[in-house]
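Descriptive analysis of the structure
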Amino acid sequence: MLGRAMADLNITSPSNPRLKALAALRRRRTREETGQTLIEGYEELALALDAGVLPEALYYCPELMLDPETQLQVVEEVRRAGVDTVQVSRGPFEKAAYREGPDGFIAVVPAVARRCADLRVGPSALTVLCQGVEKPGNLGAMLRTADAAGAEAVIAADPVTDWGNPNLVRASKGTVFSVPVASDSTAATLAWLDARGIALVATTPDTDLDYTDVDYTGPVAIAVGAEKYGLTDEVLEHAAYKVRIPMVGKANSLNVATSAAIVIYEAVRQRGAAGARPSH
């Protein structure tokens, strides 16, 4: 794990061991071994901080900040909380950054590692189940939708990627730290839903029931499957409702994140505008 160092260590060499340790966290195996992951970007970091995430170290580059006078206040904020704050010169920072066009912030944070049993939801919870979804960008996009819609949990069943994947964190704009998420087996996920009386609504093209013809006002979980194969028979057989999104074009499927968003917002519509938070 990345150890603590003096606050405001100034790194000027791209071969610095701490920067090499940052790069290593791009690999899932390293994230799992260390229990750490990365947040890149000022907006993503600010959202995570608002959600109560305390970084273990913060690397920053004033030369790359869009508004250094304002954004350096975040550096001071986490420094006062006892977090290592390490200044990095522009060249080494750009080499260490995962994304193109970095804005001067990389934080090392504890990885999200929850099972279904760790989730706490209300009696009329709106939850999202993603089974075997492969692309981190799609999972991240679904998290942004879940955050905007006020969903109480997002579960990755039989996950292909981890919640700490840098592409997922980036695509989620940091909402992976504000929306309760968990990873578990499909069997454990279905058992968790059953124990809480949460009705499962499975999306599939192999049904005649339109997604608007289901009552989403009670406790409900909206399920979407892998990009290529969709939901497994195990989930489809367990579903209280199997729903489709009508399509009249030549393509036979929608992007999985788009499909999830359509059905999630039908649930929001039915539950009333008071159930959704303003978009951000």
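Fair warning: this is a prediction, and the values are worked out from it, not measured in the lab.

About the cut-offs
- Residues numbered from 1 in each chain as written.
- Predicted model: local features only at pLDDT ≥ 70, side-chain atom pairs only at ≥ 80, totals over all residues.
- Heavy atoms only, no water.
- Axes fitted to C-alpha atoms, helices over the stretch in contact; angles between N-to-C directions.
- Helix = DSSP H or I, 4+ residues; strand = E, 2+ residues; numbered from the N terminus.
- Parallel < 35°, antiparallel > 145°, perpendicular 65-115°, else oblique.
- Contact = heavy atoms within 4.5 Å.
- Nonpolar A, V, L, I, M, F, W, Y, C, P; charged D, E, K, R; others polar.
- 1 Å grid on protein atoms, 1.4 Å probe; cavity = no way out; pocket = protein on both sides within 12 Å on 5 of 7 lines; lining within 4 Å.
- Points joined across faces, edges and corners; volume = space filled by probe spheres on them.
- Pairing = 2+ DSSP bridges.
- UniProt positions renumbered as here; feature names shortened; annotations may be inferred.
- pLDDT = per-residue confidence, 0-100.
- Expected span 1.5 Å × (residues − 1).
- Buried < 20%, exposed > 50% of the residue type's maximum accessible area, 1.4 Å probe, protein only.
- Polar contact = N/O pair within 3.5 Å; in protein donor to acceptor, adjacent residues only side chain to side chain.
- Left-handed = near helix turned anticlockwise from the far one by under 90°.

Taken N-terminus to C-terminus, the directions of helix H6 (residues 136-149) and helix H10 (residues 256-271) make an angle of 10 degrees; their axes are 9 Å apart at the nearest point. Judged on the interaxial angle alone, H10 and H6 are roughly parallel. Where H6 approaches H10, its residues Asn138, Ala141, Met142, Thr145, Ala148 and Ala149 are matched on the opposing element by Val256, Ala257, Ala260, Ala261, Ile264, Tyr265 and Val268. Residue composition of the contact of H6 with H10, by class: 11 nonpolar, 2 polar and no charged.

Moving on to empty space enclosed by the protein. Evaluated as defined, the whole model comprises 1 cavity of 30 Å³ or more. Considering only enclosed or pocket space, the largest cavity measures out at about 80 Å³ in volume. Considering the residues around the largest cavity, the lining is formed by Leu38, Ile39, Glu40, Tyr98, Arg99, Pro166, Val169 and Arg170. Counting only elements with at least two residues in the lining of the largest cavity, the list comes to strand E2 (36-40) and helix H7 (166-171).

Moving on: the sheet that holds strand E4 (residues 84-88). Overall, mixed pairing links the 5 strands, which are arranged E1-E4-E3-E5-E2 in an open sheet. The sheet is open, and its two edges are formed by strand E1 (9-11) and E2, each paired on a single side. Strand-to-strand, the axes of this sheet are offset by a mean angle of 25 degrees, without reference to chain direction. Here strand E3 (residues 57-60) pairs with strand E5 (residues 105-110) via 4 bridges, running antiparallel. Directly across from Tyr60, in E5, lies its bridge partner Phe105. Running over the sheet, helix H1 (residues 17-24) touches E1, E2, E3, E4 and E5 and is turned about 105 degrees from E3. Packed onto the sheet, helix H4 (residues 68-80) meets E3, E4 and E5 and runs at close to 155 degrees relative to E3.

As annotated by UniProt and renumbered to match this structure, "domain: MRM3-like substrate binding" (unreviewed entry) occupies residues 16-107. Structurally, residues 16-107 comprises 48% helix and 18% strand, and the distance from its first C-alpha atom to its last is 16 Å.

Let us now look at the environment of Leu254. Within the secondary structure, Leu254 is located in the loop between strand E11 (241-243) and H10. When the C-alpha positions of Leu254 and Asn16 are compared, they lie 45 Å apart, and in sequence the two are 238 residues distant. What Leu254 contacts, discounting residues up to four positions off in sequence, is Ile245, Met247, Ser259 and Ile262.

Take the confidence of the model for the chain next. Mean pLDDT over the chain works out to 91, with 93% of the residues at or above the 70 mark. Low pLDDT, under 50, characterises residues 1-7; the stretch is placed with 21 contacts to residues that sit more than four places away or in other chains. Of the regions scoring below 50 in pLDDT, residues 273-280 engages in 8 contacts with residues more than four places distant in sequence or in other chains.

Next up on the list: the layout of surface pockets. Taken as a whole, the largest pocket holds about 580 Å³ of empty space. Within the lining of the largest pocket, the residues separate by chemical class into 12 nonpolar, 8 polar and 4 charged. Taken as a whole, the second largest pocket spans an internal volume of roughly 310 Å³. Glu32, Val112, Ala113, Asp162 and Ser183 are, among the 16 residues lining the second largest pocket, the residues nearest its centre. Those elements giving two or more residues to the lining of the second largest pocket turn out to be helix H2 (28-34) and strand E8 (181-184). The greatest single-element share of the lining of the second largest pocket, amounting to 3 residues, is contributed by H2.

Here we take up the sheet that holds E8. The strand order across the open sheet built from 6 strands is E8-E7-E6-E10-E9-E11, with neighbouring strands paired in parallel fashion. Each of the sheet's edge strands pairs with one partner strand only, and the pair in question is E8 and E11. Ignoring strand direction, the axes of neighbouring strands in this sheet form an average angle of 25 degrees. With 5 bridges joining them, strand E6 (residues 126-131) and strand E10 (residues 220-224) adopt parallel strand pairing.

Turning our eyes to something else, we now look at H10. Here H10 spans 23 Å end to end across 16 residues, near enough to the 22 Å set by a 1.5 Å rise per residue. Listed in full, the buried residues belonging to H10 are Val256, Ala257, Ser259, Ala260, Val263, Ile264, Glu266, Ala267 and Val268. Buried residues belonging to H10 abut E6, H6, strand E9 (199-203) and E10. In this structure Asn255 caps H10, since a side-chain oxygen of it lies 2.8 Å from the backbone nitrogen of Ala257. A positive phi of about 100 degrees marks Gly272, the residue just after H10.

This part is about the packing of helix H3 (residues 42-50) against H4. Angle between the axes and distance between the axes are the two parameters that describe a pair of packed helices. Direction vectors running N to C along H3 and H4 enclose 40 degrees, while the axes themselves pass 11 Å from each other. In terms of orientation, H3 and H4 fall into the oblique class. Judged by the twist between their axes, the crossing of H3 over H4 is left-handed. For the pair formed by H3 and H4, the contact residues are Tyr42, Leu45 and Leu49 on the first element and Gln71, Val74, Glu77 and Val78 on the second.

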